[in-house]
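The chain contents come next:
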Amino acid sequence: QVQLVESGGGLVQPGGSLRLSCTASGNFFSINAMGWYRQAPGKQRELVATIISGGRPNYADSVKGRFTISRDNAKNAVYLQMNSLKPEDTAVYYCNGRIVPLGTGVPYDYWGQGTQVTVSS
């Protein structure tokens, strides 16, 4: 099986910073891409940032210039450095991995359980 485990969420004041971490484990052939999504109360889940195996990042417009996604391929990990946090960043953040399981040759999206980020005074 494949499992993604997230950590790093918490309560922070506006303008503060948090760093989220996610590590993939299990039996898989490759990880094509990893990323972060978030879901605020009463809203749909939305893309925050993704990064492909080669290291090329992609960001939602709402977080450009404030968030930085990075990846450690050796550790099967992805990180999200969040700076200049705003109250509207409050959400549950989910790690995503586009991963090819052993024996299939077909990528599949796996999800972490989510970590809460709350930005409030």
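Only a predicted model underlies this, so the values are computations on that prediction, with no experimental measurement involved. The residue numbers shown here count from 1 along each chain, following its written sequence. Per-residue local features of the predicted model are confined to residues with pLDDT of at least 70, and side-chain atom pairs are confined, for both listing and counting, to 80 or more; whole-chain, interface and lining totals are unaffected and use all residues. Note that water and hydrogens are dropped before the side-chain values are worked out from all heavy atoms of the structure.

**Considerations on the pattern of salt bridges**
Cut-off, in case you're wondering: Salt bridge, as applied in this entry: a Lys or Arg side-chain nitrogen positioned within 4 Å of an Asp or Glu carboxyl oxygen. To qualify as a helix, a DSSP run of H or I must reach at least 4 residues; to qualify as a strand, a run of E must reach at least 2; elements of each kind are numbered from the N terminus. Exposure classes here rest on a 1.4 Å probe applied to the protein chains alone. A residue is buried below 20% of its type maximum, exposed above 50%, and partly exposed in between.
Summed over the entire model, instances satisfying the criterion amount to 5 salt bridges. One salt bridge connects D89 with R66, and the closest N-O pair in it is separated by 2.8 Å. Highlighted residues: D89 in the loop between β8 (77-82) and β9 (91-101) and R66 in the loop between β6 (57-59) and β7 (67-72), separated in sequence by 23 residues. Judged by relative accessible area, D89 falls into the buried class, the value being 1%. For R66, a relative accessible area of 11% corresponds to the buried category. Put simply, R38, E46, R66 and D89 are held in one network by salt bridges that share partners.

**Some points on the environment of D89**
Filter applied, for reference: The contact rule is simple, with two residues in contact once any of their heavy atoms fall within 4.5 Å. Whenever two N or O atoms come within 3.5 Å, that pair is a polar contact, provided that in protein one can donate a hydrogen and the other can accept it, and provided that, for residues adjacent in sequence, both atoms are side-chain atoms.
Remark: the alpha-carbon pair of D89 and F67, spanning 22 residues in sequence, is separated by 11 Å. Setting aside residues up to four positions removed in sequence, D89 forms contacts with R38, R66, F67, S84, V117 and V119. Within polar-contact distance, the side chain of D89 engages the side chain of R66 at 2.8 Å.

**Remarks on the pairing of β9**
Rule in force here: Two strands are said to pair when DSSP picks up at least two bridges between them.
Burial analysis of β9 places 9 of its 11 residues in the buried class, which makes it a mostly covered element. In terms of strand pairing, strand β4 (residues 28-39) meets β9 through 10 bridges, oriented antiparallel. Residue pairing in the sheet places I31 in a bridge with I99 of β9. The pairing of β9 with strand β11 (residues 115-119) spans 3 bridges and is antiparallel. Counterpart to Y93 in the pairing with β11 is T115. Here β9 pairs with strand β10 (residues 108-111) via 4 bridges, running antiparallel. Paired with I99 across the strands is Y108, a residue of β10. A loop of 6 residues connects β9 with β10, the two strands running antiparallel in sequence, and G103 in this loop sits at a positive phi of about 90°.

Function cannot be inferred from these measures alone, as they are strictly geometric.
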